[in-house]
Amino acid sequence: MDVTEAVKKRKSIRGYKPDPVPKEILEQILDLASRAPSAMNTQPWEFTVLAGNVLETVRRSNVELLNSGSPPNPEHVVVDWPRESIYRQRQVDLAKQLFKLMDIPREDKEKRAKWMERGFRYFDAPAVVIISVDRCLSESGPLIDIGAVIQTICLLALHFGLGTCIEDQGVTYPEVLRKYARIPDSKRIIMAIAIGYPDWDFPANKVETEREPIDNITAWLGFD
Ligand SMILES: Cc1cc2nc3c(=O)[nH]c(=O)nc-3n(C[C@H](O)[C@H](O)[C@H](O)COP(=O)(O)O)c2cc1C
């Protein structure tokens, strides 16, 4: 698959077939993805890959904490955009599209809660990659490198017929991952990537997110 095709094809997958992903494929993806650039080649990323019983336990514990009203405790805060902003508006647009596809009326609190649970279950993907960094690194320093490796993983996954969803929901309760995925306190847990074979019949997978035209976000100088 050529690079432009992969970039166009990648999208967040929120419904998966139960088929397991062979460890050898995940190894190849991570091995290749570690070719991603990083500041001064520091390679701050660390991967914890979950499947099988461990993943089931993590899913269950995440959902238990969510439903018990436990306050979120993320070690890397993603959701902090101003309420009256284009960023918030884009979030609302996405939610509206997903709820429409999933037939979740705005006022149906139960269905909305069930949808929220799916995120905390990693959308029932058969495998999950948790990305962490050592706490000796600054909080923001490694994030650009982490972004690069995450996108590289997502693009490589396509090569193997796999889909992905980058997820901060999946690391909302780091205590669960520390306990069952044995990620020590010395590591800051940044992000999760759900990974598996897409179920193309799952309605939310039909989502088509928009992008701002680059004319609105790009300044060109010295091209006249
Ligand atoms: C840092 C980050 C965190 C995200 N967290 C979630 C999440 O918790 N749940 C979810 O359903 N999607 C999550 N996403 C996926 C975004 O919603 C998605 O990338 C965006 O809507 C663009 O859609 P696309 O990936 O289909 O192109 C996250 C993406 C990023 C980059």
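Preceding this paragraph is the structure being described.
What this report covers is the structure whose coordinates are included nearby.

Analysis parameters
Residues numbered from 1 in each chain as written. Predicted model: local features only at pLDDT ≥ 70, side-chain atom pairs only at ≥ 80, totals over all residues. Heavy atoms only, no water. Pairing = 2+ DSSP bridges. Helix = DSSP H or I, 4+ residues; strand = E, 2+ residues; numbered from the N terminus. Axes fitted to C-alpha atoms, helices over the stretch in contact; angles between N-to-C directions. Contact = heavy atoms within 4.5 Å. Expected span 1.5 Å × (residues − 1). Buried < 20%, exposed > 50% of the residue type's maximum accessible area, 1.4 Å probe, protein only. Parallel < 35°, antiparallel > 145°, perpendicular 65-115°, else oblique. Left-handed = near helix turned anticlockwise from the far one by under 90°. Nonpolar A, V, L, I, M, F, W, Y, C, P; charged D, E, K, R; others polar.

### Remarks on the sheet that holds strand E3 (residues 163-167)
Then step 1. What the four strands build is an open sheet, ordered E1-E2-E4-E3; its pairing is antiparallel. Across the chains shown, the open sheet's two edge strands, defined by having one partner strand only, are strand E1 (46-51) and E3. Sheet twist, expressed as the mean angle between neighbouring strand axes with direction ignored, is 25°.
Then step 2. Here E3 runs beside strand E4 (residues 187-196); their pairing, made up of five bridges, is antiparallel. Bridging from a neighbouring strand, glycine 163 pairs with glycine 196 of E4.
Then step 3. Lying over the sheet, helix H3 (residues 52-67) contacts E1 and strand E2 (127-134), oriented at roughly 95° with respect to E1.

### A few points about H3
Then step 1. For H3, built from 16 residues, the straight-helix expectation of 22 Å at 1.5 Å per residue is met to within 8% by its first-to-last C-alpha distance of 23 Å.
Then step 2. Of the residues making up H3, those classed as buried are Leu55, Thr57, Val58, Arg59, Ser61, Asn62, Val63 and Leu66.
Then step 3. Next to the buried residues of H3 lie E1, helix H5 (109-120), E2 and helix H7 (174-180).
Then step 4. Where H3 ends, the next residue or the one after it, glycine 69, has phi of about 80°, a positive value.

### A closer look at the packing of H3 against H5
Then step 1. The geometry of H3 relative to H5 is characterised by a closest axis approach of 9 Å and an angle of 140° between their N-to-C directions. The orientation of H3 with respect to H5, classified from their angle, is oblique. Regarding H3 and H5, the two cross each other, and that crossing is right-handed. Where H3 approaches H5, its residues Arg59, Asn62, Val63, Leu66 and Asn67 are matched on the opposing element by Met116, Glu117 and Phe120.
Then step 2. Class assignment for the residues of the contact of H3 with H5 results in four nonpolar, two polar and two charged.

Function-wise, these values are silent; they only describe arrangement.
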